[in-house]
Amino acid sequence: MAISKKNTGKKAKGISGYFNDERFRLSLGSFILIFALFLTLSFVSYFFTWKTDQSFEWEKIISNPDIRVENWAGKTGAWFSSLFINQWFGIASFSVPFLLIITGLKLIRVRLTPLGRTFRITITGAILISLTLGYIFGDAAGFLGSGPGGAHGYYMAEWLNAFIGKTGTAFLIILLLFSYFLFSVKNSSIFFKNLAQKIRIKKSDPAGKTKTDPVTVPDAEDNPEITGATNLPGDELFEIDNEDSEVHNKSVYNKENDNYDGQSSVRLLIKEKKADEQSSSEEMINTQTLKDYDPTLDLPSFKSPPINLLEQYKSTETPVSKEELINNKNRIVETLGNYKIQIDKITATIGPTVTLYEIVPAPGIRISKIKNLEDDIALNLSALGIRIIAPIPGRGTIGIEVPNQNPEIVTMRSVISSVKFQESKHELPIVLGKTISNETYSVDLTRMPHLLIAGATGQGKSVGLNAILTSLLYKKHPAQLKFVLIDPKKVELTVYSKIEQHYLAKLPDTEEAIITDTQKVIHTLQSLTIEMDRRYNLLKEAHVRNVKEYNAKFVARRLNPEKGHRYLPYIVVIIDEFADLIMTAGREIETPLARLAQLARAIGIHLVIATQRPTTNIITGVIKANFPSRIAFRVTSMMDSRTILDTPGANQLIGRGDMLITAGSEMIRLQCAFIDTPEIDRITEFIGSQNGYPSAHYLPEYVDENETESAEVDLRKRDDIFDEAARLVVMHQQGSTSLIQRKFSIGYNRAGRIIDQLEAAGIVGPFEGSKARQVLVQNEYSLEQLLNEMDK
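What you are looking at is a predicted structure, and each value in this text was computed from that prediction instead of being measured.

A. View of the overall build of the chain. Of the regular secondary structure elements, the chain holds 31 helices and 17 strands. Looking at the chain as a whole, 43% of its 792 residues are labelled buried. Considering only contacts in the chain between residues 6 or more positions apart, those separated by 24 or more positions represent 66%.

B. How the structure looks around helix 28 (residues 722–732). Looking at helix 28, one finds that the buried residues are Phe722, Ala725, Ala726, Leu728, Val729 and Val730. Positive phi shows up at glutamine 733, right after helix 28, with a value of about 50°.

C. Structural view of a nonpolar patch on the surface. Residues Phe178, Phe181, Leu182, Phe183 and Val185 make up a contiguous nonpolar surface patch of roughly 460 Å² in combined accessible area. Tracing the chain through its elements places phenylalanine 183 in helix 7 (residues 150–184).

D. Representation of the sheet that holds strand 7 (residues 429–435) in the model. Read across the open sheet, the nine strands follow the order 8-7-16-15-14-9-13-12-10; overall the sheet is mixed. Each having just a single partner strand, strand 8 (440–444) and strand 10 (481–486) make up the two edges of the open sheet. In this sheet, neighbouring strand axes are inclined to one another by 25° on average, regardless of whether the strands run parallel or antiparallel. Most of the contacts of helix 25 (residues 638–645) go to strand 14 (residues 629–633), to which it runs at about 160°, and overall it touches strand 9 (451–454), strand 14, strand 15 (658–663) and strand 16 (666–672).

E. A look at the pattern of salt bridges. Counting across every chain of the model gives 22 salt bridges. Among the salt bridges present, the one from glutamate 531 reaches arginine 566, with a minimum N-O distance of 3.3 Å. Residue glutamate 531 is found in helix 20 (residues 518–542), and its partner arginine 566 is found in the loop between helix 21 (547–555) and strand 12 (570–575); the two are separated by 35 residues along the sequence. Under the relative-accessibility criterion, glutamate 531 is labelled buried at 4%. The partner of arginine 630 in a salt bridge is aspartate 646, and the shortest N-O contact between them spans 3.0 Å. Taken together, the residues arginine 630 in strand 14 and aspartate 646 in the loop between helix 25 and strand 15 connect sequence positions 16 residues apart.

F. Main features of the sheet that holds strand 3 (residues 343–350). Across the sheet, which stays open at both edges, the four strands sit in the order 3-4-6-5 with antiparallel pairing between neighbours. Edge positions in the open sheet fall to strand 3 and strand 5 (387–392), since each of these has one partner strand only. Averaged over all neighbouring strand pairs, the angle between strand axes comes to 20°, with direction disregarded.

G. Inspection of unusual backbone geometry at higher detail. Cis geometry marks the peptide bond from alanine 390 to proline 391; its omega dihedral reads -10°. As for its position among the elements, proline 391 is in strand 5. For the bond from methionine 448 to proline 449, the omega torsion is -15°, close enough to zero to count as cis. Tracing the sequence through the fold places proline 449 in the loop between strand 8 and strand 9. The phi dihedral of asparagine 438 is positive, around 65°, even though this residue is not glycine. Among the structural elements, asparagine 438 can be located in the loop between strand 7 and strand 8. Here the phi dihedral of aspartate 646 falls at roughly 65°; this positive angle occurs in a residue that is not glycine.

Reading guide: rules and limits
- Every chain is numbered independently, its residues counted from 1 as its sequence is written.
- In keeping with the model being predicted, local features are shown solely for residues with a pLDDT of at least 70 and side-chain atom pairs are shown and tallied solely at 80 or more, while totals for entire chains, interfaces and linings include all residues.
- For the side-chain quantities, the full set of heavy atoms in the structure was used; hydrogens and water were omitted.
- A helix here means a DSSP run of H or I that spans at least four residues, while a strand means a run of E at least two residues long, and both kinds are numbered starting from the N terminus.
- Any residue under 20% of the maximum accessible area for its type is buried, any over 50% is exposed, and the rest in between are partly exposed; the area is computed with a 1.4 Å probe on protein chains only.
- Should any heavy atoms of two residues lie within 4.5 Å, those residues are considered in contact.
- To count toward a patch, a residue needs a relative accessible area above 30% and no salt bridge. Like charges then connect within 9 Å, nonpolar side chains (Val, Leu, Ile, Met, Phe, Trp, Tyr) within 5 Å.
- Shrake-Rupley sampling with a 1.4 Å probe provides the accessible areas, and residues are treated as covered by the protein chains on show and by no other component.
- We define a salt bridge as a side-chain nitrogen of Lys or Arg found within 4 Å of a carboxyl oxygen belonging to Asp or Glu.
- At least two bridges found by DSSP between two strands are what make those strands a pair.
- To get an axis, a line is fitted to the C-alpha atoms, and for a helix only the part in contact is used. The angle between two axes follows their N-to-C directions and goes from 0 to 180 degrees.

What is shown is where atoms sit, not what they do.
Next up, the structure:
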């Protein structure tokens, strides 16, 4: 008997010796990993080849070498995949190669998860998934042989159905899955416990105010009765950090009881919090005694415009008829058939102005071949604005957009009154129109966060701006939103002057709130950058990251107005005809605009820029980089479409509000909502007739250094490089600040002062916007004479 035990011990020692041999482990682990990949390949292939391979008898397949199988892993792979997926666990059989991969990695000393626990959870899950799929789908008309759950899942479900009925089987499966979740997911019991506790709290206090409302730190410290008891509200705000040596060095740890004294730790952390943040605690206000601040109480009687101020246009056109759909479908099929392109399926989605025909081409048809037939399809359908989307993202189909013979009008009233807009929780909701599937399209301007609009004259660009303005006027109170309206054409936005005392913002020294003068535009943009910097300072002092968090803190009375804090309304800057500004002011417009686009989103300033000339010298790379959201109405050329959207398509629109909007990689075709001037007049008249603020919202005052210093230039205190700069200007016959700045590698302010000195000396003329100043000295000889006279 002893000999037998000894021999057994030698055998066991020999086996363990093999597994301790790194060469053996590496070889076996590699073999298992390769076998796992082999099984994965055969399983994946089974989804495509199961019909063919299942038609053979396995005895003949193995014995007859002439029989070929379709499985990518050959006859062995076909046998394994049929065994696991067809006869055993169905789709859940993918757990087998997963377990083999875990095992192989462990053998080569790569441990991802505990092997025993992983095996138990995975095998149990595979059985339950197989049973669930077998119950839900049955044999699914022979899909994969025995259905998604395999033969095991199918027959197990059928047995349970016969034994306890389908309803009983459903409850049993739900119970098993719930139990599986509890045992396999860590802390799942804690999750359900916390969920039940939250439900109890809500039931005990329907208003949502429990007895454990947090108390701010200053209140707790200023009250001598609060001594850090364990039931102190807000204890959860103070956590013991294992890396905080200061807390540990203060003997918070109770050695006798072998635990942390929560009472002592709370006292210490409150004391440290008070020492470190005494300045911020002074700004805190007792939230228990004061109600939240309501900014709308500035104008408590203000009412939003009623919906009946908008027209309900009754379309006289008939909708797309069934005959039109069938004719277009037949012509599309016929045109593609002429080029030997067969399609398996075609469906139609009717929009207000465009119908989308989705086609599924036959296997082997190249998408590019259909894309190249855009003009041929348009010719055969006798229609303009044909656009092919190949493929439609996320659908696996090819879209052909065909304009309707009788387009419908999308009214502003229909989209404003839509449930999607009325129930929107966006900070700055704007509704633009309807999609090709007749759904109202609403988006949050704060998430865009700036918008660039382009389109040829008369294609709906101004209507789009009015739709944006109207959306915000219907949703936001004057205390929550201000507009900066810039209109170089002087006719598009003047209708909104009636709401100056409610919604508009302007410079303090400006008479009209609608900004039309180019120099005032420059000053306004510079003023907005000052406002941006001021708001960032407020956010820094409040220890928040964006205007939403800041206003929430201010509304909760946690910021002291006596310290300079104030409620920050959103500011939306609308610029119409941006091209005109760039042509007249150039860099002086683009520089502050680019700075605002880069930084202003977090502090609640958002830009909406429109232009009818989307050329590269107008929409520069700096502008495009900071305006990810863009709208394109119909443009005249493919190049213009590429400039605004980075892709063709806008040149194929049909006009009259037909537009493309892109936010990132997604592009959506919309029919812009139509709003006419009389409707805007009624809305602005309704708002303007109500009590408003004493004046428009004043932006920070901006003082142009060049303008103020030119009248106070002392030529006795000329810059050190004044003479060299004068010679440079006369030699180039170009009096610009940028030239001096670039040639002498100096800052803008210094170069501006030199230009002012040159103007005072009579060498260059006065400021002329974006144009270079006129050089008054024609040659270097005259300049030298002038310089000599100045030195005397």
